[in-house]
Amino acid sequence: MWTWFYRLASPPYVYRTAAALTPWLMTVAVIAIVCGLIGGLGLAPPDYQQGDAFRIIYVHVPSAYMSLFCYSAMAVAGAIGLIWRIKMSYALAAATAPVGASFTALALVTGSLWGRPMWGTYWAWDPRLTSELILLFLYAGVMSLRPAFEDPARGDRAAALLSIVGFVNVPIIHYSVQWWNSLHQGATIAKIGKPSMPGSMLWPLLTMLLGFMCFYGAVVCMRLRGEVLNRERQSAWVREAIKS
Amino acid sequence: MNFWAMGGYARFVWPCFGLAGLVLAWNVWSARRFHAAARVRVARAILMTEE
Amino acid sequence: MNALAEGPEVSALRAMTLIVRRELRLSFRRPEQVLQPLVFFLIVTTLFPLGLSLQLSLLRDMAPGVLWVAALLSSLLSLDSLFKSDADDGTLDQLALSGQSLTAIVVAKTAAHWLVSGAALVLVSPLVGIALGIPVSVFPTMLGSLALGTLSLSWLGAIGAGLTVGLKRGNVLVSLVVLPLAMPLLIFGAGATDRAAAGISSAGALYLLGSLCVFTCTLAPFAAAAALRITLE
């Protein structure tokens, strides 16, 4: 029963599967993002309060969501690696880190550009913005810690531990708008059954979210292949794979 | 042309989408470069052991 | 350290007491390890008024934040002495092999470390408070928040130090690792002192700080021990 799990942990399998998945994930991502852009920029009506500036939501929310998703994935992959000693899990964590960090930076900058017309300021030290900035620093810490060790396996374990310790920030970011009086608006989609957005504005957002998620999958598959090669450099199967 | 004006918010909206495009492009470029560099390193390792 | 050779029947509590006593004895033998971070604390707090050349009234507004940032930076500096010298001469490996729980060892070392760094900082802080113009009525809140904060910082620092012990650029990395985790502490700690200075009740912020402290005190030892296990094996 566990054979599929152990196959997941096998480097040649991961290498081949990642190669196979990438074009599909990227195609879905491109289609979803294009549809989302058409819906968000063209079809959705302007907001009665924010006018056309609200359209920034179509890049801000997906990137913010992905910044949290990627950190969670990184921490979970690190935990799986530490608990079950699966090297491919560490490879996944290493592949996810730069992607997640780029999404965090994008969320911060798009949020800042959105804040200027909406709140009158490019930045505020408010709980959600501050904790998202801390998330960026946590990514930086994990990405700096891993290569600092001479033994890459040790670096993987240390980075995994750090990402788990930093995971405490993720629920803080998510609930910050509930726990404190925040400048940032509350949950947009999470209200099940009664989202606070009309359908014509909501579907492009969900489509963009899907697109970003598939994009992440495609990019992580690409990076994963590089990580696998780096970690399995001495193996026989790698030599065969490269020669072909 | 109303589309490009974005109701007066053009200088906030378009940079956001532009930056998003840049970030997505950077991710793809960076991932490819990383994989290519890994392939080069493996090829070099093969050459060294075959000498 | 002879007592640890008593055999595997040494209880964890006795081992911890021995370690704390050893750490304190070593610190008194090397007072510079204790005094240098304190002097750094004093110097950094002086930098702000010099660099900003503010009137005393404005300085008073900034004082809690300045105090806290200086305390944070000075704690980072003192982290160096937590594991490094023991790692260098092999004592850390011996402790890890001694059969005692690594978590207990970490608790003992960190507690001793806080006694000579964080507690020292709390004791010196009234001087700094006066220099920055913090009213004396705020001192209880200031001392309380610093005590809770430096304790939490010692724990976070133990995780950071455990991860970076023996690394070449370990100093910079420790800062990069510990500071983001310490930011909530800074927000609530400085916030508590700020509120007290403004005359509002600081109880809320202090409770939050207290709960952060309890959170780190209970979970951080395991993380720090895990970090040491990774770096030492």
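Residues numbered from 1 in each chain as written. Chains lettered and ligands numbered in written order. Predicted model: local features only at pLDDT ≥ 70, side-chain atom pairs only at ≥ 80, totals over all residues.

## So, the overall build of chain C
Part 1 of the argument: What chain C contains, in helices and strands, is 10 helices and 0 strands.
Part 2 of the argument: Overall, chain C shows an N-to-C arrangement of helices and strands of α-α-α-α-α-α-α-α-α-α.
Part 3 of the argument: On C-alpha atoms alone, chain C measures out to a radius of gyration of 18 Å, which is about the 17 Å that the 2.2 N^0.38 rule sets for 233 residues.
Part 4 of the argument: Across its three principal directions, the C-alpha atoms of chain C cover 60 × 30 × 30 Å.
Part 5 of the argument: A buried classification covers 45% of the 233 residues belonging to chain C.
Part 6 of the argument: When contacts within chain C are restricted to residue pairs at least 6 apart in sequence, those whose partners lie at least 24 apart make up 80%. (Helix = DSSP H or I, 4+ residues; strand = E, 2+ residues; numbered from the N terminus. Rg over C-alpha atoms; globule rule 2.2 N^0.38 Å. Buried ≥ 20, exposed ≤ 12 C-beta atoms within 10 Å, placed from the backbone. Contact = placed C-beta atoms within 7 Å.)

## Description of the overall build of chain B
Part 1 of the argument: The number of helices and strands found in chain B is 2 helices and 0 strands.
Part 2 of the argument: For a compact globule of 51 residues, the expected C-alpha radius of gyration is about 10 Å, and chain B comes in at 21 Å, more than 25% above that figure.
Part 3 of the argument: Scored against the burial criterion, the 51 residues of chain B give a buried share of 25%.

## Some words on the arrangement of the chains
Part 1 of the argument: Most contacts, compared over the 2 pairs of chains touching, are made between chains A and B.
Part 2 of the argument: At the level of C-alpha atoms, the two units chain B and chain C stay apart, their nearest approach being 24 Å.

## With respect to the interface of chain A and chain C
Part 1 of the argument: In this complex, chain A contributes 16 residues to the contact, which on the side of chain C involves 14 residues.
Part 2 of the argument: Among the elements of the structure, α5 (127-145) and α6 (152-166) of chain A are those that each provide at least two residues to the side of chain A that touches chain C.
Part 3 of the argument: Taken together, the residues of the side of chain A that touches chain C break down into 11 nonpolar, 3 polar and 2 charged. (Nonpolar A, V, L, I, M, F, W, Y, C, P; charged D, E, K, R; others polar.)

## Observations concerning the environment of A:Ala158
Part 1 of the argument: As for its position among the elements, A:Ala158 is in helix α6.
Part 2 of the argument: Judged by the 27 C-beta atoms lying within 10 Å of it, A:Ala158 is buried.
Part 3 of the argument: In this structure the C-alpha to C-alpha distance between A:Ala158 and A:Leu92, which are 66 residues apart in sequence, comes to 15 Å.
Part 4 of the argument: Not counting residues within four places of it along the chain, the set of residues in contact with A:Ala158 comprises A:Leu145, A:Phe149, C:Leu163, C:Ala227 and C:Ile230.

## With respect to the interface of chain A and chain B
Part 1 of the argument: Facing the 30 residues of chain A at the interface are 27 residues of chain B.
Part 2 of the argument: Put simply, the parts of the chain that give the side of chain A that touches chain B at least two residues each are α3 (57-84), α4 (87-119), α8 (199-231) and α9 (236-243) of chain A.
Part 3 of the argument: Split into classes, the residues belonging to the side of chain A that touches chain B amount to 17 nonpolar, 6 polar and 7 charged.

## Concerning helix α8 (residues 139-164) of chain C
In an α-helix there are 3.6 residues to a turn, and that puts residues three or four apart on one side.
Residues and elements named next belong to chain C.
Part 1 of the argument: With 26 residues, α8 extends 35 Å between its outermost C-alpha atoms, agreeing within 8% with the 38 Å of an ideal straight helix rising 1.5 Å per residue.
Part 2 of the argument: Counting buried residues in α8 gives 21 out of 26 residues, a clear majority hidden from the surface.
Part 3 of the argument: Immediately downstream of α8, the backbone of glycine 166 shows phi near 85°, a positive value. (Expected span 1.5 Å × (residues − 1).)

## Regarding the confidence of the model for chain C
Part 1 of the argument: Here chain C shows a mean pLDDT of 87. Residues at 70 or above account for 95%.
Part 2 of the argument: For this predicted complex, the interface confidence comes out at an ipTM of 0.91, alongside a pTM of 0.90. (pLDDT = per-residue confidence, 0-100.)

## Quick notes on the packing of α3(A) against α6(A)
All names here are of chain A.
Part 1 of the argument: Where α3 meets α6, the closest approach of the two axes is 8 Å, and the angle between their N-to-C directions is 130°. Considering their axes alone, α3 and α6 lie oblique with respect to each other. When the axes of α3 and α6 are compared, the crossing they make is left-handed. Along its contact with α3, which presents Met74, Ala75, Gly78, Ala79, Gly81 and Leu82, the element α6 presents Asp156, Arg157, Ala159, Ala160, Ser163 and Ile164.
Part 2 of the argument: Tallied by class, the residues present in the contact of α3 with α6 amount to 7 nonpolar, 3 polar and 2 charged. (Axes fitted to C-alpha atoms, helices over the stretch in contact; angles between N-to-C directions. Parallel < 35°, antiparallel > 145°, perpendicular 65-115°, else oblique. Left-handed = near helix turned anticlockwise from the far one by under 90°.)

## Here's the deal with unusual backbone geometry
Part 1 of the argument: Its identity is not glycine, yet A:Arg85 carries a phi of approximately 55°, on the positive side.
Part 2 of the argument: You can see A:Arg85 is positioned in the loop between α3 and α4.

## Comments concerning the nonpolar core
Inside soluble globular proteins, nonpolar side chains tend to come together where they are buried.
Part 1 of the argument: Ranked by size, the top nonpolar core spans 153 residues in total, and within it A:Ile56, A:Leu161 and C:Ala227 carry the most contacts.
Part 2 of the argument: When near neighbours in sequence (up to four residues on either side) are disregarded, A:Leu161 contacts C:Leu163, C:Ala223, C:Ala226, C:Ala227 and C:Ile230. (Core = buried A, V, L, I, M, F, W, Y, C linked by C-beta atoms within 7 Å.)

## Focus: α6(A)
Part 1 of the argument: Between its first and last C-alpha, α6(A) extends 21 Å over 15 residues, near the 21 Å set by a 1.5 Å rise per residue.
Part 2 of the argument: Regarding α6(A), the residues found buried are A:Asp156, A:Arg157, A:Ala158, A:Ala159, A:Ala160, A:Leu161, A:Leu162, A:Ser163, A:Val165 and A:Gly166.

## Regarding the packing of helix α9 (residues 170-198) of chain C against helix α10 (residues 203-232) of chain C
Residue and element names in this part refer to chain C.
Part 1 of the argument: As a packed pair, α9 and α10 sit with axes 8 Å apart at the nearest point and diverge in direction by 150°. What the angle tells us is that α9 and α10 run roughly antiparallel. You can see that α9 and α10 cross each other, and the crossing is left-handed. Within the contact between the two elements, α9 uses Pro184, Leu185, Phe188, Gly189, Gly191, Ala192 and Arg195 and α10 uses Ala205, Leu206, Leu208, Leu209 and Leu212.
Part 2 of the argument: Classifying every residue of the contact of α9 with α10 by side-chain character gives 9 nonpolar, 2 polar and 1 charged.

## Describing the environment of C:Leu102
Residue and element names in this part refer to chain C.
Part 1 of the argument: Positionally, leucine 102 belongs in helix α6 (residues 102-116).
Part 2 of the argument: Accessibility expressed as a C-beta count within 10 Å gives 20 for leucine 102, which makes it buried.
Part 3 of the argument: With 66 residues separating them in the primary sequence, leucine 102 and glutamine 36 have C-alpha atoms 29 Å apart.
Part 4 of the argument: Dropping the residues within four chain positions of it, leucine 102 is found in contact with Ala96, Ala225, Leu228 and Arg229.

## Quick word on the environment of A:Ala107
Residues and elements named next belong to chain A.
Part 1 of the argument: Within the secondary structure layout, alanine 107 lies in helix α4.
Part 2 of the argument: For the pair alanine 107 and valine 61, spaced 46 residues apart in sequence, the C-alpha separation works out to 7.3 Å.
Part 3 of the argument: Contact partners of alanine 107, with chain neighbours within four places excluded, come to His60, Ser63, Ala64, Ser67 and Glu132.

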